[in-house]
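# Examination of the molecular architecture
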Amino acid sequence: MIINNVRLVLENEVVSGSLEFRDERISSFSETSSQQPGALDGEGAWLLPGLVELHTDNLDKFFTPRPKVDWPAHSAMSSHDALMVSSGITTVLDAIGVGDVRDGGHRLDNLSKMIDAIRDTNRKGLNRAEHLLHLRCELPHPTTASLFEALMGTPELALVSLMDHSPGQRQYASLTKYREYYQGKYQLNDAEMDQFEHDQLTLAAAWSQPNRETIAGLCREHGIAIASHDDATAAHVEESHAAGSRIAEFPTTLEAARASRYRNMQVLMGAPNIVRGGSHSGNVAAWELAASGLLNILSSDYYPASLLDAAFRLAQDARNSLGMAQAIALVTCNPARALGLFDRGVIAEGCRADLVLAHTAHGYPHVRHVWSKGRQVY
């Protein structure tokens, strides 16, 4: 397969030319046009490595499209996978919450249903993107550590994040923001919210630290990558670094991002934060970290199409020094390398032919075609 007349987004530069792949791998690329008949005319579009997504809870939306509605597993997985590839994502870590009592993360059968769907569709070759597993461990719950131990042997497990969403912590240092979010999410009146807040504080006092130590120890013992989550202070970062975190997910302040960089942790921020121009929770804006040279990775989090959109926006933002190659690296080679996936995320000979052909129209990128391991999937 030859793709002609494209702007190749390489690791450190953009060049015009052509690319050839065969047997699932990139075989060559050139700064000249191919003269071979049958080459696909890219019409001057961007040819990027397939995007690598480390944290998306998008799968939940298809398994539970409405409250109290459980959707058939294979149908849910197929719809989720289709949205991933149409967004240019060829490697996705599906983030599944462990220990969130309200959302069913306290039950092994509920978690196993989603994990089994990922594994079964992978095994049967039904998925167009490669799906791996990210376990989001909510620390302030008594079931979290035992559930994690039951799931940690899953072959697809690639990342574990240690989370604490109790009131007054990290993302919810503002109790007002905490109450606004959970009252809206669970439709709680003031009295119910008071009880919910009290319960969460009680659970956090009893379980957050023991669960952090247990789960982090198991991850270190078995070589599973760890990510922090919503660190707000230098002290939080020191705690995360001591636990073995190599990725800093969604630091909420400039202080935490700087401390994470000092500790050589890869700083990951949400692509929706870029697209919307700031954090919906009132935390530090991702563009500020980019402007300060503190941004390493973007994640689509809750909106898959934001990943490519955000990278293009950053490449055009005069407030930072990122060119197109550096901006695309935030969603390709940087997340891949953070997990030790050195066979993807770059356009280079011998790497996987995970590729995205994207046009820009009216200032926005549009995915035209996607290849996963050399197979056209979109």
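Owing to the predicted nature of the structure, the values given are computational and were not obtained by experimental measurement.

Along helix 4 (residues 144-151), the positions that sit buried rather than exposed are Thr144, Ala145, Leu147, Phe148 and Leu151. What you see down the axis of helix 4 is that its buried residues fit within an arc of 165 degrees, all on one side. Taken together, the buried residues of helix 4 touch strand 7 (89-98), helix 3 (108-123), strand 8 (130-138), strand 9 (157-163) and helix 6 (190-222).

A few words on the packing of aromatic side chains. Evaluation of the coordinates by the stated rule reveals two aromatic pairs. With a centroid separation of 5.9 Å and 85 degrees between ring planes, the pair formed by tryptophan 46 and phenylalanine 312 is classed as edge-to-face. Here tryptophan 46 is found in strand 5 (residues 46-49), whereas its partner phenylalanine 312 is found in helix 11 (residues 306-315), with 266 residues between them in sequence. Above the ring of tryptophan 46, the side-chain terminus of arginine 7 is found at 3.9 Å from the ring centroid. Looking at arginine 319, its charged tip hangs above the ring of tryptophan 287, at a distance of 3.8 Å from the centre.

Time to look at helix 3. Between its first and last C-alpha atoms helix 3 spans 21 Å; for 16 residues at 1.5 Å apiece the expected length is 22 Å, and the two agree. Residues of helix 3 that are buried include every one of Asn110, Leu111, Ser112, Met114, Ile115, Ala117, Ile118, Asp120 and Thr121, and no others. The elements touched by buried residues of helix 3 are helix 1 (58-63), helix 2 (73-86), strand 7, strand 8 and helix 4. Once helix 3 ends, the next one or two residues include glycine 125, with phi positive near 70 degrees.

All right, on to unusual backbone geometry then. With a phi close to 60 degrees, aspartate 230 is a non-glycine residue in the positive phi region. Along the chain, aspartate 230 falls in the loop between strand 10 (225-229) and helix 7 (234-243). The backbone phi angle of aspartate 301 is positive, close to 55 degrees, even though this residue is not glycine. The topology assignment puts aspartate 301 in the loop between strand 13 (297-299) and helix 11. According to the relative accessible area criterion, aspartate 301 is buried, its value standing at 16%.

What follows covers the domain arrangement of the protein. Assigned domains within the protein: domain 1 (1-49 + 345-377) and domain 2 (51-343). Placing a centre on the C-alpha atoms of domain 1 and another on those of domain 2 gives a separation of 30 Å. Between domain 1 and domain 2, the contact holds 27 residues from the first and 24 residues from the second. Between domain 1 and domain 2, the buried area comes to about 2000 Å², and carbon and sulfur atoms account for 61% of it. Our count for the domain 1 to domain 2 interface comes out at two salt bridges. Here arginine 337 and glutamate 11 are joined by a salt bridge, their closest N and O atoms 2.6 Å apart. Elements with a minimum of two residues in the side of domain 1 that touches domain 2: strand 5, strand 14 (355-361) and strand 15 (364-372). Per-element tally for the side of domain 1 that touches domain 2: the top contributor is strand 15, with six residues.

For the rest of this paragraph, the subject is the layout of surface pockets. In this approach, a probe sized like a water molecule rolls over the atoms, and the result shows the empty space that is left. The calculated volume of the second largest pocket comes to roughly 190 Å³. For the second largest pocket, the full set of lining residues is Thr121, Asn122, Gly125, Asn127, Arg128, Ala129, Glu130, His131, Arg352, Ser372, Lys373 and Arg375. Where the lining of the second largest pocket is concerned, the elements lending two or more residues are helix 3 and strand 8. A breakdown of the residues in the lining of the second largest pocket according to their chemical character gives one nonpolar, six polar and five charged. For the lining of the second largest pocket, the two domains that each supply at least three residues are domain 1 (1-49 + 345-377) and domain 2 (51-343).

Okay, the nonpolar core next. Counting 37 residues, the largest nonpolar core has Leu48, Leu289, Leu295, Leu298 and Leu314 as the members making the most contacts within it. Residue contributions to this core reach at least three from each of two domains, namely domain 1 (1-49 + 345-377) and domain 2 (51-343). Other than its neighbours up to four places away in sequence, leucine 289 contacts Pro251, Leu254, Ala257, Val267, Met269, Val284, Leu294 and Leu295. Judged by nonpolar contacts, the second largest core, of 29 residues, contains Leu139, Met152, Leu157 and Ala216.

Rules used in this analysis
Residues numbered from 1 in each chain as written. Predicted model: local features only at pLDDT ≥ 70, side-chain atom pairs only at ≥ 80, totals over all residues. Heavy atoms only, no water. Buried < 20%, exposed > 50% of the residue type's maximum accessible area, 1.4 Å probe, protein only. Helix = DSSP H or I, 4+ residues; strand = E, 2+ residues; numbered from the N terminus. Arc of directions from axis to C-beta. Contact = heavy atoms within 4.5 Å. Phe/Tyr/Trp six-rings, centres within 6.5 Å; stacked < 30°, edge-to-face > 60°. Lys NZ or Arg CZ within 6 Å of the ring centre and 35° of its normal. Expected span 1.5 Å × (residues − 1). Domains from an automatic or database assignment. Buried area = accessible area lost by both parts, 1.4 Å probe. Salt bridge = Lys/Arg side-chain N within 4 Å of Asp/Glu carboxyl O. 1 Å grid on protein atoms, 1.4 Å probe; cavity = no way out; pocket = protein on both sides within 12 Å on 5 of 7 lines; lining within 4 Å. Points joined across faces, edges and corners; volume = space filled by probe spheres on them. Nonpolar A, V, L, I, M, F, W, Y, C, P; charged D, E, K, R; others polar. Core = buried A, V, L, I, M, F, W, Y, C linked by side-chain atoms within 4.5 Å.

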